[in-house]
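Commentary on secondary and tertiary structure
This is what each chain is made of:
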Amino acid sequence: MTEFVDTHCHLNDEQFADDIAAVIERAAESFVTRIINMGDDIGSSALAVKLADEHKNLFAAVGIHPENAREFTSGDEAQFASWSQNKKVVAVGEIGLDFYWEKDAERQELQKKLFVRQLDMARQLNLPVCIHDRDAHGATLEILRREGKNLRGVLHCFSGSLEMAREVLRMGFFIGVDGPLTYKNAAKLPEIVAAVPRDMLLLETDAPYLAPVPKRGKRNEPSYLPLVAAKVAALWGVEDVGEIAVQTTENAEALYGKLRRTS
């Protein structure tokens, strides 16, 4: 059976507060049968875990997004460690660096400190990481070179160069792609996706953001994931989008071990 995994979205966003059950149902009708919600802070991480417990198709990642950067406390670490014991908490994320929105040097240093702390936490918890990198390619690579040992993860919504993609792939990190791959201004991303080894690519929506063509401008949701898969199929010269579903689902299960079916 054709089956997709949306490896990165935000159904814990308030935009889905009134119709999350319908969104999940539409996803299933589009063969998107497993969805990972990302945490942005303690509150959204808690909601992601709660929703995963309530809906069989949902899973959760827990973390503090760079836009919400602050000092990381021992209480935070204890909370994340507790969540990590949940069978549906599959990763630490969304973590990383965002220098697009944050230009203040001191705040950027705080983002770096938080990123390193959460990478170390993920290593201790034996969980993969989902990394946000926006306009911070050099700093992200520097930290991963230094702090990324014995870690696996994904560069979410990849926006770096082909050279950067090759380096993070050598480190064992996956490349995540979503709606921007379908945009006319996708720049070098199609070339990068065409060159990524087929067992190192993940599909994601980042819903409610970044809806793919022809849904661009609308609220994104997991049911639109096959539109991203269709673009990948075209770039890889694959006629059957089902092949993309099979490969990227295997990839998702390889990275996020708790996604694997037990029955």
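Okay, so let's go over this structure. Computed from a prediction, not measured in an experiment: that's the story for all the values here.

Take the environment of Arg117 next. Position of Arg117 among the secondary structure elements: in helix α4 (residues 105-125). Distance from Arg117 to Asp178, taken between C-alpha atoms, is 27 Å for residues 61 residues apart in sequence. A polar side-chain atom of Arg117 sits 3.0 Å from a polar atom in the side chain of Glu77.

Further remarks concern the sheet that holds strand β2 (residues 32-37). Where strands meet in a sheet, backbone hydrogen bonds hold them as pairs that are either parallel or antiparallel. Across the sheet, which stays open at both edges, the 8 strands sit in the order β1-β2-β3-β4-β5-β6-β7-β8 with parallel pairing between neighbours. Two strands in the sheet have a free side with no partner beyond their single neighbour: β1 (4-9) and β8 (201-203). For this sheet the average axis-to-axis angle between neighbouring strands, irrespective of direction, equals 30°. Bridge count between β2 and strand β3 (residues 58-62): 3 bridges; the pairing is parallel.

With the rule as written, the count across this model stands at 16 salt bridges. One salt bridge connects Arg34 with Glu3, and the closest N-O pair in it is separated by 3.4 Å. Of this pair, Arg34 sits in strand β2 while Glu3 sits in the segment before β1, and the two are 31 residues apart along the sequence. Here the two residues Arg34 and Glu3 agree in accessibility, since each one is buried. Salt bridges sharing common partners tie together Asp19, Arg26, Arg219 and Glu221.

This next bit is on the side chain of Ser84. As for its position among the elements, Ser84 is in helix α3 (residues 74-84). For Ser84, a relative accessible area of 7% translates into the label buried. Within the structure, the side chain of Ser84 is placed 3.3 Å from the side chain of Gln85, a separation counted as a polar contact. Discounting residues that sit within four places of it in the chain, Ser84 has contacts with Val89, Leu125, Leu127 and Lys258.

Looking at where Ala61 falls in the secondary structure, it is placed in strand β3. Ignoring anything within four residues of it in the chain, the contact list for Ala61 reads Ile36, Asn37, Met38, Gly39, Ser45, Ala48, Ala91 and Gly93.

Rules and cut-offs
- Residues numbered from 1 in each chain as written.
- Predicted model: local features only at pLDDT ≥ 70, side-chain atom pairs only at ≥ 80, totals over all residues.
- Heavy atoms only, no water.
- Helix = DSSP H or I, 4+ residues; strand = E, 2+ residues; numbered from the N terminus.
- Polar contact = N/O pair within 3.5 Å; in protein donor to acceptor, adjacent residues only side chain to side chain.
- Pairing = 2+ DSSP bridges.
- Axes fitted to C-alpha atoms, helices over the stretch in contact; angles between N-to-C directions.
- Salt bridge = Lys/Arg side-chain N within 4 Å of Asp/Glu carboxyl O.
- Buried < 20%, exposed > 50% of the residue type's maximum accessible area, 1.4 Å probe, protein only.
- Contact = heavy atoms within 4.5 Å.

Keep in mind that these numbers describe shape and distance, not what the molecule does.
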